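Structural characterization, general
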Amino acid sequence: MLRYFNFRVIWQYMPLFLKGLWATCWISGISIFFALILGIIACGMRLSGRRFLQKLAGIYIESIRSTPLLAQLYFFYFGLPNLHIYINEVETGILALALNSGAYIAEIIRAGIISIPSGQTEAATAYGLSYFQRMRYIILPQAIGVTIPALLGQFIVLVKDSSLVSLISVLELTRAAQRLASERFMPAEGFFTAAAFYLLIYYVLKYLSNWWQNHLIFMEGK
Amino acid sequence: MLDIYFKELMHSLPLFFKGMGITALVSGISLVAGTLLGVMCGILRAVKRFGLSKIMGFYADYMRGIPFLVHIFIIYFILPETGIQLSPFPAAAIALTVYAGAYISEIVAAGILSIPRGQREAATAYGLNAFQRMRYVIFPQAVRVILPPLVGEYVLLVKDSSIVSVIGLTDITRVGWLTVQRIPEGLIVFGLVGILYFVICYPLIHLSHYLEEKISYETH
């Protein structure tokens, strides 16, 4: 029976949890950084109008979106050594997370770019701007503003997905909880604490997203 | 060397198909149950009448905030402490149902709230009661908005079901994990795992796109 909830043990394991929280944060941070770069590149390829690049980006996005992250993670974890590429677990995790999120971010940014009226592109073309300049100065600044809430949503998903790297024995929040659960046989204390930390991250990001949306409405109202 | 592994892999192919069956079964059950749960919670959330809307909001936030991995550990390891013993399959089905239900409730609530107020007011003027309004006026219209993201959610459900492998259910991912211990060719084994998931998810993704286009075409 779940008679009592042992806060003392949680307090005792707090350093481990904080270490896990920190690991979760920086693994997610680095992954979202690379995912953004990947997403922008993939999206650029998809909208480039070149047949080959479009196909390539399409294959990347579709194959990532129709397979689970866990399978991708194991694919790299068990597969890369066969190609004589030896990277440690953290790097494997970041690689899988970044590749996974990159595909979703490409779709989010594409939706943002499509939402910009075509008149913008036409006007920029009339001004003699090249494709790159149009993207850099006209389209992307507008598209990014619209997509920020969706990108933050993707970041929330990424933070949650980063729990999966615990399965390839990286110490992060979920792993810390598992450690407490297996060392002290107290799964409730371990997993509820981890859940509380995840919820904390979630609410911070959600708050940011809401704030930005209100900010956008405010700006458009002016 | 590689062709020996390949032959070995062909021998374990039935295992993979069995895993695919388990994945399909557990996602199928949670898909139906999750949809029912989600529609119920979504309506309760949108109606803001019984004071349940706040609770439903927290339920959705909680599920959106914690990783599925933590959620399934909570169901599988903590429920037994309260006296509810579950074997892996029901635990996985329940975890997936509750998880998907939260996301679906968000989709349903958003769909219902997207219907203009005038519809409800007109239905009230016609003398329909709350249930009839929802059943005959609001919901049929909301379904059009709900359907595309709902199918998208099913894709996520199938993908999330890969995580139930950690509590020992032999779905596709776990079969892959077991196979890779015998056949140390991660790329081939998990390539196959990926293909099997692709076969399930890709049609669903396209169904979602198709519905989206069809519905946006019809409304314009």
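As the structure is a computational prediction, the values presented were derived from the model and not from experiment. (Residues numbered from 1 in each chain as written. Chains lettered and ligands numbered in written order. Predicted model: local features only at pLDDT ≥ 70, side-chain atom pairs only at ≥ 80, totals over all residues.)

The next subject is the overall build of chain B. Assigned secondary structure in chain B consists of 9 helices and 0 strands. In chain B, the succession of helices and strands from N to C terminus is α-α-α-α-α-α-α-α-α. Along the longest, intermediate and shortest principal axes, the C-alpha atoms of chain B span 75 × 50 × 25 Å. Out of the 220 residues belonging to chain B, those deemed buried represent 40%. (Helix = DSSP H or I, 4+ residues; strand = E, 2+ residues; numbered from the N terminus. Buried ≥ 20, exposed ≤ 12 C-beta atoms within 10 Å, placed from the backbone.)

Per the secondary structure count, chain A includes 9 helices and 0 strands. Secondary structure elements of chain A, listed N to C terminal, follow the sequence α-α-α-α-α-α-α-α-α. With the C-alpha coordinates of chain A rotated into their principal frame, the extents come out at 70 × 50 × 25 Å. Looking at the 222 residues of chain A, the share that counts as buried comes to 40%. The long-range fraction of contacts in chain A, counting pairs at least 24 apart against all pairs at least 6 apart in sequence, stands at 74%. (Contact = placed C-beta atoms within 7 Å.)

Now for the environment of Thr170 of chain B. Residues and elements named next belong to chain B. By secondary structure assignment, the location of Thr170 is in the loop between helix H7 (130-160) and helix H8 (172-182). Sequence spacing of Thr170 and Thr23 is 147 residues, and the spatial spacing of their C-alpha atoms is 8.4 Å. Beyond its immediate sequence surroundings of up to four residues, Thr170 is in contact with Gly19, Ile22 and Val175.

Moving on, we come to the confidence of the model for chain B. As a note on interpretation, predicted positions should not be read in detail where pLDDT is low. Put simply, chain B has an average pLDDT of 89, and 98% of its residues get 70 or more. The complex prediction reports pTM at 0.89, with the ipTM value standing at 0.88. (pLDDT = per-residue confidence, 0-100.)

Each side of the interface is counted separately: chain A has 30 residues, and chain B has 34 residues. Within the residue set of the side of chain A that touches chain B, elements represented by two or more residues are helix H3 (51-65), helix H4 (69-79), helix H8 (173-184) and helix H9 (187-221) of chain A. Sorting elements by how many residues they give to the side of chain A that touches chain B places H9 of chain A first, with 8 residues. The residue makeup of the side of chain A that touches chain B, split by class, is 20 nonpolar, 7 polar and 3 charged. (Nonpolar A, V, L, I, M, F, W, Y, C, P; charged D, E, K, R; others polar.)

We now examine the environment of Glu81 of chain B. Residues and elements named next belong to chain B. Here Glu81 lies in the loop between helix H4 (68-78) and helix H5 (88-113). Taking the C-beta count within 10 Å as the criterion, Glu81 has 14 such neighbours and is therefore assigned partly exposed. It is 49 Å that separates the C-alpha atoms of Glu81 and Ala123, two residues lying 42 residues apart in sequence.

Moving on to the packing of H3 of chain A against helix H5 (residues 89-114) of chain A. Residue and element names in this part refer to chain A. Viewed as axis vectors pointing N to C, H3 and H5 meet at an angle of 115°, and their least axial separation amounts to 9 Å. Comparing the axis directions of H3 and H5 gives the class roughly perpendicular. The way H3 lies across H5 gives a crossing that is left-handed. Contacts between H3 and H5 pair Ala57, Tyr60, Ile61, Ile64 and Arg65 from the former with Leu99, Asn100, Ala103, Ala106 and Glu107 from the latter. In terms of residue class, the contact of H3 with H5 is built from 7 nonpolar, 1 polar and 2 charged. (Axes fitted to C-alpha atoms, helices over the stretch in contact; angles between N-to-C directions. Parallel < 35°, antiparallel > 145°, perpendicular 65-115°, else oblique. Left-handed = near helix turned anticlockwise from the far one by under 90°.)

On to the packing of helix H2 (residues 13-47) of chain B against H5 of chain B, then. Residues and elements named next belong to chain B. At a closest axis distance of 5 Å, the pairing of H2 and H5 adopts a crossing angle of 40°. With respect to each other, H2 and H5 are oriented oblique. Note on packing geometry: the crossing formed by H2 with H5 is right-handed.

What follows concerns H2 of chain B. The end-to-end C-alpha separation of H2 of chain B is 49 Å, in line with the 51 Å expected for 35 residues at 1.5 Å each. At the C-terminal side of H2 of chain B, Lys48 of chain B shows a positive phi close to 50°. (Expected span 1.5 Å × (residues − 1).)

Judged by nonpolar contacts, the single largest core of 113 residues is most densely connected at Tyr74 and Ala194 of chain A together with Val70, Ile72 and Ala92 of chain B. In terms of residue count, the dominant contributor to this core is H5 of chain B (14 residues). When near neighbours in sequence (up to four residues on either side) are disregarded, Ala92 of chain B contacts Val26, Val164, Ile167 and Leu169 of chain B. (Core = buried A, V, L, I, M, F, W, Y, C linked by C-beta atoms within 7 Å.)

Residue and element names in this part refer to chain A. In this structure, His84 is a non-glycine residue whose phi angle is positive, near 60°. With 6 C-beta atoms packed within 10 Å, His84 lands in the exposed category. A positive phi angle, near 60°, is found at Ser169, a position not held by glycine. Among the structural elements, Ser169 can be located in the loop between helix H7 (131-161) and H8.

Glancing now at H4 of chain B. In terms of burial, H4 of chain B is largely enclosed, as 10 of its 11 residues are buried. Buried within H4 of chain B are the following residues: Phe68, Leu69, Val70, His71, Ile72, Phe73, Ile74, Ile75, Tyr76 and Phe77 of chain B.

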